[in-house]
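# Observations on the model geometry
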Amino acid sequence: MESLPILAIVDLGSQFTLVIERTFRELGVRSVVLDPKRAAQWLQTHPVRAIVLSGGPAGVYEQTAPQPPEEIFSVLTPEGEPVPILGICYGMQWLVNRLGGEVKNAQSHRGYGKARIRLIGRHELFEETDFEQSVWESHGDSVVALPPGFKPTAHTLTGVIAGMVNELGTIWGLQFHPEVTHTQFGKQILANFLRLCRCEPDWQPAGMINQIRQRISKELEGRTAIFGFSGGVDSTTVGAILPDAIAVTIDGGQLRENELAEIKRHAQAAGIRRHIIVDAKAEFLQAMAGLNTRWRRALCRLCALVSPSFAEWLFALVDAERKRSAFKRVYLRVLMRVAAEVGATIVIQGTLAPDRIESGATGGAMIKSHHNVGLDFGQLIQLHPIDHLFKYEVRALAKELGLPASVYNRQPFPGPGLFLRIIGVAITKARLDLVSWADARVAEILKRHRRDEEESWHDHCSQLVVGLNGVPTVGVKGDGRVYGPSIIVRGVKTADFMTADGIRFPALIKDEIEAVVCQHTGIVRVWYDEMKKPPATTEFE
Ligand code: XMP
């Protein structure tokens with residue numbers, strides 16, 4: 001029987017809510033994420049040991065700001081003591097405002113990114129952390145006066161309150177995000193919180209596979225299921241857990257050099273019994289060129305008589321979200337067609353928690369729509385067996401399942417693939433070929449150069465992103481003028497893809513990349529993108 005969650009996270013709209021959940025899981029404690037509107041009812045019927053109020057993009061004085069229920073102040077532990085509460089960022093500001101302190105929209109101090117804080121006195125929450133430490137902030141408003149009965153636990157080096165606690169030691173606030181890896185002692189702080197709440201570890205990663213298998217097998221009984229199989233770590237893991245579902249790989253022209261061969265190898269390694277590969281290149285290319293209806297195609301042909309580049313400009317999908325929704329539409333159509341052909345009534349996807357977070361499906365802001373979130377399959381039942389997990393957790397499941405290293409170490413690659421790697425210009429077959437060629441050459445070079453004894457520069461990247469920047473620039477080749485697109489190279493280092501550091505490649509490697517890539521007559525320059533996420537994202541679009 002499933003044990004009850006012992007920690008409740010009230011989701012106030014933060015990008016990081018599921019990262020809080022994941023960090024507690026890593027610390028061995030299961031938690032439940034609650035919509036603030038439904039939290040009261042849940043808290044009345046389930047015993048909890050602690051309540052966390054997440055961050056969120058709203059300001060406490062906004063009419064529509066999410067409100068945790070009043071009940072959080074009267075919940076008792078199974079021993080009859082007040083349940084400890086931890087407010088993070090907006091969660092802390094909400095507590096301050098509700099309990100009689102003051103929050104201001106401090107234009108002079110908007111906390112985005114890394115900051116240093118200093119502790120004020122010694123507190124259980126900061127045990128085994130340094131007196132001065134780095135934290136990650138993301139807030140516009142600041143706390144300027146604490147509620148009666150509260151004292152500050154930390155402040156930033158500029159004197160802004162960074163943490164608080166009440167006299168009983170039952171209500172805590174942190175103005176920064178302990179759940180993101182950029183916060184130096186974030187995990188330690190959350191571990192301290194679990195200890196002060198007396199939350200015992202109750203989550204074992206090894207049991208997860210059985211749980212998923214049991215839960216999904218029940219749904220699959222007597223039914224035919226298909227699942228979107230990209231050959232990446234997520235869908236290969238789902239395939240290994242559920243080998244009877246029919247794997248469907250859609251080749252829409254978005255795949256990299258030799259990727260189809262790797263996908264087939266991974267299907268075999270996962271023990272998938274039936275694997276269908278659909279060649280939908282023409283269908284996708286048409287949609288990605290903005291020519292998905294008959295009248296658009298006819299009009300485009302007419303315009304092309306006057307000027308092909310004008311026609312391309314008029315119909316092309318260049319905007320990232322328009323491309324993503326065009327991809328999603330065709331992806332859905334192709335999967336539904338295959339489902340009808342094989343008589344499937346269930347569609348399974350390898351959706352992960354970050355896909356849902358960034359698509360806005362968990363209540364936060366929409367950063368980008370993921371191709372596998374929010375699809376309307378009509379009568380077909382949709383299952384997302386691993387959508388509560390993060391990438392590194394799925395890698396752990398893949399290892400546990402005995403899948404090869406090429407699966408559990410595989411870098412992620414977005415569903416819309418190379419379509420998202422052509423930036424600022426229309427997607428054409430020629431540009432797909434160009435970016436695919438450049439991607440393969442850059443990857444080869446990075447694989448050849450060792451960063452240390454352990455790993456190559458390619459393996460050092462959590463993800464390598466090679467894109468084609470369509471904005472033309474001038475260059476010189478063979479003493480002649482060239483005018484054309486450039487290649488952008490981006491390597492990121494991250495554990496959970498929610499935050500990431502940009503990698504700086506050594507000059508020697510950059511020189512080699514430039515020399516090789518610019519041999520192509522169609523490529524003028526190479527740019528390097530070393531931005532962090534946030535404010536950038538891993539992909540360019
Ligand atoms: P971003 O760019 O959002 O990328 O920082 C985070 C991770 O998600 C991948 N990604 C996607 N994966 N469908 C996917 O299956 C998508 O639409 C999609 N968009 C981004 C991205 O490659 C990175 O690993």
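Computed from a predicted model, the values in this text were never measured in an experiment. (Residues numbered from 1 in each chain as written. Predicted model: local features only at pLDDT ≥ 70, side-chain atom pairs only at ≥ 80, totals over all residues. Heavy atoms only, no water.)

Secondary structure summary: the protein chain contains 17 helices and 21 strands in total. Against the 2.2 N^0.38 benchmark of 24 Å for 541 residues, the protein chain shows a C-alpha radius of gyration of 25 Å, consistent with a compact globule. Projected onto the principal axes, the alpha-carbon positions of the protein chain cover approximately 75 × 60 × 55 Å. Put simply, of all contacts in the protein chain between residues at least 6 apart along the chain, 74% involve residues at least 24 apart. Averaging the coordinates of the 61 positive side-chain charges in the protein chain and doing the same for the 60 negative ones gives two points 6 Å apart. (Helix = DSSP H or I, 4+ residues; strand = E, 2+ residues; numbered from the N terminus. Rg over C-alpha atoms; globule rule 2.2 N^0.38 Å. Contact = heavy atoms within 4.5 Å. Lys, Arg positive; Asp, Glu negative; His and termini not counted. Charge placed at Lys NZ, Arg CZ, Asp CG, Glu CD.)

The full set close to the ligand counts 15 residues, and Arg-324, Glu-358, Lys-368, Gln-463 and Lys-533 are the nearest of them. The contact in question runs from a nitrogen atom of the ligand to an N or O atom on the backbone of Gly-415, over 3.3 Å. Here Thr-538 contributes a side-chain N or O atom positioned 2.7 Å from an oxygen atom of the ligand. Here the ligand, which alone exposes 490 Å², has 92% of that area covered by the protein. (Near = heavy atom within 4 Å. Polar contact = N/O pair within 3.5 Å; in protein donor to acceptor, adjacent residues only side chain to side chain. Areas by Shrake-Rupley, 256 points an atom, 1.4 Å probe, with all protein chains shown as cover.)

The next point concerns the pattern of salt bridges. Taken as a whole and judged by the stated rule, the model has 32 salt bridges. As a salt-bridge pair, Arg-49 and Glu-79 come within 2.7 Å of each other at their nearest N and O atoms. With Arg-49 in the loop between α2 (36-45) and β3 (50-53) and Glu-79 in the loop between β3 and β4 (85-88), the pair connects residues that are 30 residues apart, well separated along the chain. For Arg-451, the salt bridge is made with Glu-455, and the minimal N-O distance between the two is 3.4 Å. Three or more residues joined by partner-sharing salt bridges are found here, namely Arg-256, Glu-259, Glu-262 and Arg-410. (Salt bridge = Lys/Arg side-chain N within 4 Å of Asp/Glu carboxyl O.)

For the rest of this paragraph, the subject is the UniProt feature "binding site: ATP" (unreviewed entry) in the protein chain. Listed under "binding site: ATP" (unreviewed entry) in the UniProt record, and renumbered for this structure, are Ser-230, Gly-231, Gly-232, Val-233, Asp-234, Ser-235 and Thr-236. Here Ser-230 is to be found in the loop between β12 (225-228) and α6 (233-241). Excluding residues that lie within four positions of it along the chain, Ser-230 makes contacts with Ser-235, Ile-263 and Arg-410. At 3.2 Å, the side chain of Ser-230 and the backbone nitrogen of Gly-232 are in polar contact. Inspection of the secondary structure assignment puts Gly-232 in the loop between β12 and α6. Judged by relative accessible area, which is 8%, Gly-232 ranks as buried. (UniProt positions renumbered as here; feature names shortened; annotations may be inferred. Buried < 20%, exposed > 50% of the residue type's maximum accessible area, 1.4 Å probe, protein only.)

On to the environment of Val-233. Assignment of secondary structure puts Val-233 in helix α6. Looking at Val-233, the relative accessible area reads 3%, which means it is buried. Residues Val-233 and Lys-391 lie 158 residues apart in sequence; the distance between their C-alpha atoms is 8.3 Å. Once residues lying within four places of it in the same chain are set aside, the contact partners of Val-233 are Lys-391, Val-394, Arg-395, Ala-398, Val-407 and Tyr-408.

Let us look at the domain arrangement of the protein chain. Along its sequence, the protein chain is organised into domain 1 (7-196), domain 2 (205-286 + 320-408) and domain 3 (428-528). Relative to domain 3, the C-alpha centre of domain 1 lies at a distance of 41 Å. If you look at the interface, domain 1 gives 7 residues, while domain 3 gives 5 residues. Both faces combined, the contact of domain 1 with domain 3 buries some 490 Å², and carbon together with sulfur accounts for 59% of it. (Domains from an automatic or database assignment. Buried area = accessible area lost by both parts, 1.4 Å probe.)

Right, let's get into the pairing of strand β18 (residues 463-477). Relative to β18, strand β17 (residues 422-423) runs parallel, the two sharing 2 bridges. Looking at the pairing, Ile-423 lines up with Asn-469 of β18. Here β18 pairs with strand β19 (residues 480-493) via 12 bridges, running antiparallel. Note on β19: the bridge partner recorded for Thr-473 is Gly-484. Taken together, β18 and the strand that follows it, β19, pair antiparallel across an intervening segment of 2 residues, in which Gly-478 is found at a positive phi of about 55 degrees. (Pairing = 2+ DSSP bridges.)

What follows deals with the nonpolar core. Counting 54 residues, the largest nonpolar core has Ile-226, Phe-284 and Ile-513 as its most contacted members. Take this core: its biggest share by element is 10 residues, from helix α11 (residues 320-342). Among the domains, domain 2 (205-286 + 320-408) and domain 3 (428-528) are the pair contributing at least three residues each to this core. Excluding its chain neighbours within four sequence positions, the residues that come into contact with Ile-226 are Ile-246, Val-248, Leu-335, Ala-339, Val-342, Ala-344, Ile-346, Val-347 and Ile-348. Within the second largest apolar cluster, 32 residues are counted, among which are Ile-209, Ala-245, Ala-247 and Ile-346. (Core = buried A, V, L, I, M, F, W, Y, C linked by side-chain atoms within 4.5 Å.)

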